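In case you want the letters, here they are:
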Amino acid sequence: MNLVRACPWQAQYQWKLRKLWKIKGLRSIHRQCERVEDRRWPGWEVVVGIEVHAQIKSRKKLFSEARTAHTNDAPNTSVSCFDAALPGTLPTLNPKCVELAVRTALALNAHVQRRSAFDRKHYFYPDLPSGYQITQRYAPLARGGHLRLSRGDATVRIIQLQLEQDTAKSTFHTGRRVSLIDLNRAGSGLMEIVSEPDMRSPEEAGDYVRTLQTLLRAVGSSDGSMELGSLRCDVNVSVNRYGQPPGTRCEIKNLNSIRFVMTAIASEVFRHIELLESGRTVTQETRGFDENKAETFKLRSKEDSPDYRYMPDPNLPPLLLSEEYIERVRSSMPELPSETRGRLLSMGLSERDADVLMTIDSGREVGFDGEIGKGAVAYFTDLVRGRDPKTVVNWMTHDLLGQLASRKETFGDNPVSVEHMGELIDMVQSGTVTGTSGKTLLRHMISHRSLDCPSKLAKELGLVALSQDNSSMVREWCLEAIKELPQQAEAVRKGNLPVLNRLVGKVMKLGRGRANAKTVRTLLLELLKEES
């Protein structure tokens, strides 16, 4: 009995995947780019394709009512009967997972298929209770698409995006010499995003993963946390002499950091080159990566599709999406990173300022079922209304973020509301408090988690700027600074004006930042001139 899906386009599609790496004249379908010699491996061209497995940030799993487990949950506490593959249980597709996957496909400029279907991929591991994984190998949710990288002018094409279920987690207990199985992760929704082999260096591959990670967070489909296992990469690597067809590829499985992705690719490239230059051949195989040794190691010979005995899942009908549904998802799409960047630059921000805000924003919290957490860009957008964008971004990037970083906190720990931050900036701009006092006030608001408005705190802390009526007090501080720093005062008298900043700083310290720095500077010069 033939259990393999009989699709009219199946043979053609499998042929394309095999030929991507083997046929002569591949340059005609690869991304055309200027040849850049890499000094690490002169004369060799590196060809890289990546399969990214991103966990969908939904409250429930892909085919069951069990909630998606958190990494801190006790083992085997978020498992349904279907996840444990108990006999008689049936899958029920989670529509939220479909919606988030469609969001991702649209963000990748992919063509969402009106009809897709689910397959069973058979293999027998302890962490796969049913003995098969439900996936979309032959009729994926979306095909085509591309992702423009953040550096240079490179674009990576996308082959397909498919839905599939995650496996359980196995942990080897060295003391008891047994493998422990945690089914919490089993059945969680995954998106597998398969790229064309368009990358030509480890750094380009790292940029692809980083850019894709930012995109997933922007649309709210995945938190993209490689540290927590929400994003994992399988990397395909081959090498060839320039002008020659690509060589035999090897796949490196389950890389869970961008640094490991780049290191593993470099290690594998050197291994391939060493084999080929010594007259040996590269064997197609699946390999792992040892982070401690920074080397890849063989796991098994590479399986082809027949080894997995794909078959249509008899319990899941085809997934049919109407054009109206796809357009409804498109119309509700959040702002994409490229659009956000363009908007920030149109406000007059520099490339650097836009990069800083978007870098911080890429780490913002992603809620369940597509809820977008508010990050640095949203904070800036609310804060800039009615204010100068350059002034606002300087206060955010230099002062607010600087204060948080000094406390080893992230932007997500920011206790200062948009309203209070805006009031503080307005007070400094109007001269109610000086810039120095404003920074002191911000430090107090962060360290004390104060909910009082800045104007009230400024009065309580004695940080309100001095008026013209208090010029005598400023004069006394200046005279005291000259008395306490006689060497610096003498240097200024002799024409060494940069030293004057030391005296200004002393006066500002005596006045707790309430004096105007320009007024202090002018008054100090007058007093030193009189004394000379």
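Everything numeric in this text was worked out from a predicted model, so none of it was measured. (Residues numbered from 1 in each chain as written. Predicted model: local features only at pLDDT ≥ 70, side-chain atom pairs only at ≥ 80, totals over all residues. Heavy atoms only, no water.)

## Some thoughts on the nonpolar core
Core analysis: the largest hydrophobic core is formed by 69 residues, its most contacted members being I50, V102, Y208, L212, C233, V235 and L321. Contact partners of Y208, with chain neighbours within four places excluded, come to I50, V52, L147, L149, V156, I158, I193, S195 and M199. Within the second largest apolar cluster, 34 residues are counted, among which are Y379, L404, L442 and A458. (Core = buried A, V, L, I, M, F, W, Y, C linked by side-chain atoms within 4.5 Å. Buried < 20%, exposed > 50% of the residue type's maximum accessible area, 1.4 Å probe, protein only. Contact = heavy atoms within 4.5 Å.)

## Topic: the environment of R449
Residue placement: R449 occurs in the loop between α12 (435–447) and α13 (454–460). The spacing of R449 and V416 is 33 residues in sequence and 7.8 Å in space, taken between C-alpha atoms. Apart from the residues lying within four places of it in its own chain, the contact partners of R449 are R407, E409, D413, P415 and H444. Within the local environment of R449, its side chain forms a polar contact with the side chain of E409, the two groups lying 3.1 Å apart. (Helix = DSSP H or I, 4+ residues; strand = E, 2+ residues; numbered from the N terminus. Polar contact = N/O pair within 3.5 Å; in protein donor to acceptor, adjacent residues only side chain to side chain.)

## Quick word on the packing of aromatic side chains
Within the structure shown, the criterion is met by nine aromatic pairs. Here Y379 and F411 contribute two aromatic rings whose centre-to-centre distance is 5.3 Å and whose plane-to-plane angle is 90°, an arrangement assigned as edge-to-face. Here Y379, found in helix α9 (residues 376–383), pairs with F411, found in the loop between α10 (389–406) and α11 (418–430); they are 32 residues apart in sequence, far enough to count as distant. Each member of the pair, Y379 as well as F411, is classed as buried. Among the aromatic residues, those joined into a ring-pair cluster are Y123, Y125, Y138, Y308 and Y310. Sitting over the face of the ring of F368, K57 holds its NZ or CZ atom 4.9 Å from the ring centroid. (Phe/Tyr/Trp six-rings, centres within 6.5 Å; stacked < 30°, edge-to-face > 60°. Lys NZ or Arg CZ within 6 Å of the ring centre and 35° of its normal.)

## Focus: the confidence of the model for the protein chain
For the protein chain, per-residue confidence averages 86 on the pLDDT scale, and residues scoring 70 or more make up 89% of the total. Per-element averaging of pLDDT across the protein chain places helix α1 (residues 10–22) at the bottom with 39 and strand β6 (residues 142–143) at the top with 98. Here residues 1–32 is modelled with pLDDT under 50, and outside its nearest four sequence neighbours on either side it reaches 66 contacts, counting other chains as well. (pLDDT = per-residue confidence, 0-100.)

## Quick look at the packing of α9 against α10
Look at α9 against α10: their axes get within 10 Å of each other, and the N-to-C directions meet at 140°. What the angle tells us is that α9 and α10 run oblique. Every pair of crossing elements has a handedness; the one defined by α9 and α10 is right-handed. Residues A376, Y379, F380 and L383 of α9 pack against P389, V392, V393, M396 and L400 of α10. (Axes fitted to C-alpha atoms, helices over the stretch in contact; angles between N-to-C directions. Parallel < 35°, antiparallel > 145°, perpendicular 65-115°, else oblique. Left-handed = near helix turned anticlockwise from the far one by under 90°.)

## Focus on α12
When the terminal C-alpha atoms of α12 are compared, their 18 Å separation across 13 residues agrees well with the 18 Å that a helix rising 1.5 Å per residue should span. Among all positions in α12, only S437, G438, L441, L442, H444, M445 and I446 are buried. (Expected span 1.5 Å × (residues − 1).)

## Examining the layout of surface pockets
By volume, the second largest pocket amounts to about 820 Å³. Lining of the second largest pocket is provided by 24 residues; of these, R148, S150, T211, P337 and M358 occupy positions nearest its centre. Secondary structure elements with two or more residues in the lining of the second largest pocket: β7 (146–148), α3 (202–219), α7 (337–346) and α8 (351–361). With seven residues, the top contributor of residues to the lining of the second largest pocket is α3. The class makeup of the residues in the lining of the second largest pocket is seven nonpolar, ten polar and seven charged. (1 Å grid on protein atoms, 1.4 Å probe; cavity = no way out; pocket = protein on both sides within 12 Å on 5 of 7 lines; lining within 4 Å. Points joined across faces, edges and corners; volume = space filled by probe spheres on them. Nonpolar A, V, L, I, M, F, W, Y, C, P; charged D, E, K, R; others polar.)

## Points about the pattern of salt bridges
Under the definition given, this model contains 34 salt bridges. One salt bridge in this structure joins R120 and D313, with 3.1 Å as the shortest N-O distance. On the criterion of sequence distance, the pair formed by R120 in strand β4 (residues 119–122) and D313 in the loop between β16 (311–312) and β17 (319–320) is long-range, its members being 193 residues apart. Comparing R120 with D313 shows no difference in burial state: the two are buried. Residue E285 is joined to K298 by a salt bridge in which the shortest nitrogen-to-oxygen separation is 3.9 Å. Of this pair, E285 sits in strand β14 (residues 285–290) while K298 sits in strand β15 (residues 295–301), and the two are 13 residues apart along the sequence. Overall, the relative accessible area of 53% leaves K298 in the exposed class. Connected through shared salt-bridge partners, E268, R271, E285, R287 and K298 make up one network. (Salt bridge = Lys/Arg side-chain N within 4 Å of Asp/Glu carboxyl O.)

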